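In case you want the letters, here they are:
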Amino acid sequence: MPAIRTDLGAPERVENPGLGADALLRSGLKLAHMRMIVALDDHGQVSAAAQVLGMSQPAASRMISEMEGILKVPLCERLSRGVGLTPYGQALARRARAILLELREVDREISDLRLGKGGSVFVGAVTAPAIELAVPAIRKMREKNPRLEVNIQIDTSAVLARELLASRHDFIIARIPDDLNPRLFESREIGVERACLIVRRGHPLAGRGVVPAERLADYDWVFQPAGSLLRRTMERILLSRSIPLPERVLNTGSLLLTLVMVAQSDAISPVSVEVARFIGGEHGLAGAIDVLPTDFDIDVQPYSLIKLRDRVLSPAAAALHQHVLDEIGKQPM
């Protein structure tokens, strides 16, 4: 383990502080250094970074010292558990991640061309726009490009935004979390997400007309994890009507588990209207799930089509991005 500085003061004075762009290219920084700083940023431990890169911990420590010697600044600081990046290290990690991403894109495009494949795309989406926008866009693109490989992750906006920052997605359909700098992203707002409450067919509240909000607290609920936008919206609606929040709650980010719990119990769950339409349609779970009529609307903060600012998408990703934009354009204003 190198001697890691714990102070973040100015580095030692040198005759030519900092390296110009050309000097940095000639300084000896290598792709291995880029991978190391990104691994440290991802894992927060030298031992974990070494394991990911397939080297010993002493070799990883020597590489960190080598990087600090080249740049003349401290990149890491010792924490109570593991290490953290200094502002210098964070700046290097951010740029290194972008460099590695571009190299991955080059490798991907060359491989696709060599093998005659149609390209690959990595997309993230929250559930409603995945059904309403991503699926039809993918279907239409595959009509023209049947060899296209699409990788899609369905998760919360908080997870997806960080995956995008980590360059694991080409673009996402989600919301920018409040704790992230919106200047990092380029986004196109899509519209408000409408949600509803679902219950099993035959639920005690089903088939009785509009259900007043005060009746809802008597039942079990299936919610997304604490802090998720749909959950916060639903909780805000209940509190605004002086209704106590449900005490019997199952927390899960899995739509499948949500549907199973609702179908096999008297639990209530909020889901997007698009999800409810799909599972209640003739090709979904018709006969098992009902939408519960309520005396209030559940309108969730708008989501957006988001990519990293100044990032150039691969041809396949750019084409799918445009298909999603086309689907957005079809939506009623």
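Check the entry above for the structure.
Now for a description of the structure that goes with this document. Note that the coordinates shown come from a computational prediction; the quantities given were computed from them, not determined experimentally.

Okay, the overall build of the protein next. For the protein, the count of helices and strands is 11 helices and 11 strands. Here the protein holds 333 residues, and the buried ones make up 43% of them. Taking the intrachain contacts of the protein between residues at least 6 apart in sequence as the baseline, contacts between residues at least 24 apart amount to 76%. When the accessible surface of the protein is summed, it comes to about 18000 Å², and 52% of that surface belongs to carbon and sulfur atoms.

Below, the discussion takes up the environment of Leu85. Structurally, Leu85 can be placed in strand β2 (residues 83-85). Expressed as a C-alpha distance, the spacing of Leu85 and Leu40, which sit 45 residues apart in the sequence, is 7.7 Å. Every residue in contact with Leu85, bar those within four places of it in the chain, is listed here: Ile37, Leu40, Asp41, Leu75, Cys76, Glu77, Gln90 and Ala93.

Moving on: the pairing of strand β4 (residues 149-154). Pairing analysis gives 6 bridges linking strand β3 (residues 120-125) to β4, with the strands arranged parallel. Note on β4: the bridge partner recorded for Gly124 is Gln153. With respect to chirality, the unit in which β3 leads through helix α6 (residues 127-144) into the neighbouring parallel β4 is right-handed.

Now for the packing of aromatic side chains. Under the counting rule described, the total for this entry stands at 1 aromatic pair. Relative to Phe223, the ring of Trp221 has its centre 5.2 Å away and its plane inclined at 20 degrees; by these criteria the two rings are stacked. Here Trp221 matches Phe223 in class, with each residue buried.

This brings us to the pattern of salt bridges. Under the defined criterion, the tally for this structure stands at 15 salt bridges. With a closest N to O distance of 2.9 Å, Lys140 and Glu327 form a salt bridge. Taken together, the residues Lys140 in helix α6 and Glu327 in helix α11 (residues 315-329) connect sequence positions 187 residues apart. The salt bridge involving Lys330 is made with Glu327; its shortest N-O contact spans 3.4 Å. Judged by its relative accessible area of 53%, Lys330 is exposed.

Turning to the environment of Ile279, a few remarks are in order. Tracing the backbone through its elements, the reader meets Ile279 in helix α10 (residues 273-280). Residue class for Ile279 comes out buried when judged on its relative accessible area of 5%. In this structure the C-alpha to C-alpha distance between Ile279 and Leu259, which are 20 residues apart in sequence, comes to 9.0 Å.

Attention now moves to a nonpolar patch on the surface. A cluster of nonpolar side chains, Leu256, Leu257, Val260 and Met261, forms an exposed patch at the surface whose accessible area comes to about 330 Å². Relative to the helices and strands, Val260 is located in helix α9 (residues 255-263). The class of Val260 is partly exposed, set by a relative accessible area of 34%.

Applying the stated rule across the entire model yields 1 cavity of 30 Å³ or more. Of the volumes computed, that of the largest cavity is approximately 30 Å³. Forming the boundary of the largest cavity are Val123, Ala134, Ile138, Ile152, Phe171, Ile173, Leu320 and Val324. Mapped by element, the contributors of at least two residues to the lining of the largest cavity are α6, β5 (171-174) and α11.

Once that is clear, we can look at the packing of helix α2 (residues 31-43) against helix α4 (residues 57-71). The interhelical angle for the contact between α2 and α4, taken along N-to-C directions, is 110 degrees, at an axis separation of 10 Å. Comparing the axis directions of α2 and α4 gives the class roughly perpendicular. Residues Ala32, His33, Met36, Ile37 and Leu40 of α2 form the contact with α4, whose own contacting residues are Ala60, Met63, Ile64, Glu66, Met67 and Ile70. Split into classes, the residues belonging to the contact of α2 with α4 amount to 9 nonpolar, 1 polar and 1 charged.

Conventions we followed
- Residues numbered from 1 in each chain as written.
- Predicted model: local features only at pLDDT ≥ 70, side-chain atom pairs only at ≥ 80, totals over all residues.
- Heavy atoms only, no water.
- Helix = DSSP H or I, 4+ residues; strand = E, 2+ residues; numbered from the N terminus.
- Buried < 20%, exposed > 50% of the residue type's maximum accessible area, 1.4 Å probe, protein only.
- Contact = heavy atoms within 4.5 Å.
- Areas by Shrake-Rupley, 256 points an atom, 1.4 Å probe, with all protein chains shown as cover.
- Pairing = 2+ DSSP bridges.
- Right-handed = clockwise from strand over helix to strand, strands pointing away.
- Phe/Tyr/Trp six-rings, centres within 6.5 Å; stacked < 30°, edge-to-face > 60°.
- Salt bridge = Lys/Arg side-chain N within 4 Å of Asp/Glu carboxyl O.
- Patch = residues over 30% accessible without salt bridge, like charges linked within 9 Å, V, L, I, M, F, W, Y side chains within 5 Å.
- 1 Å grid on protein atoms, 1.4 Å probe; cavity = no way out; pocket = protein on both sides within 12 Å on 5 of 7 lines; lining within 4 Å.
- Points joined across faces, edges and corners; volume = space filled by probe spheres on them.
- Axes fitted to C-alpha atoms, helices over the stretch in contact; angles between N-to-C directions.
- Parallel < 35°, antiparallel > 145°, perpendicular 65-115°, else oblique.
- Nonpolar A, V, L, I, M, F, W, Y, C, P; charged D, E, K, R; others polar.

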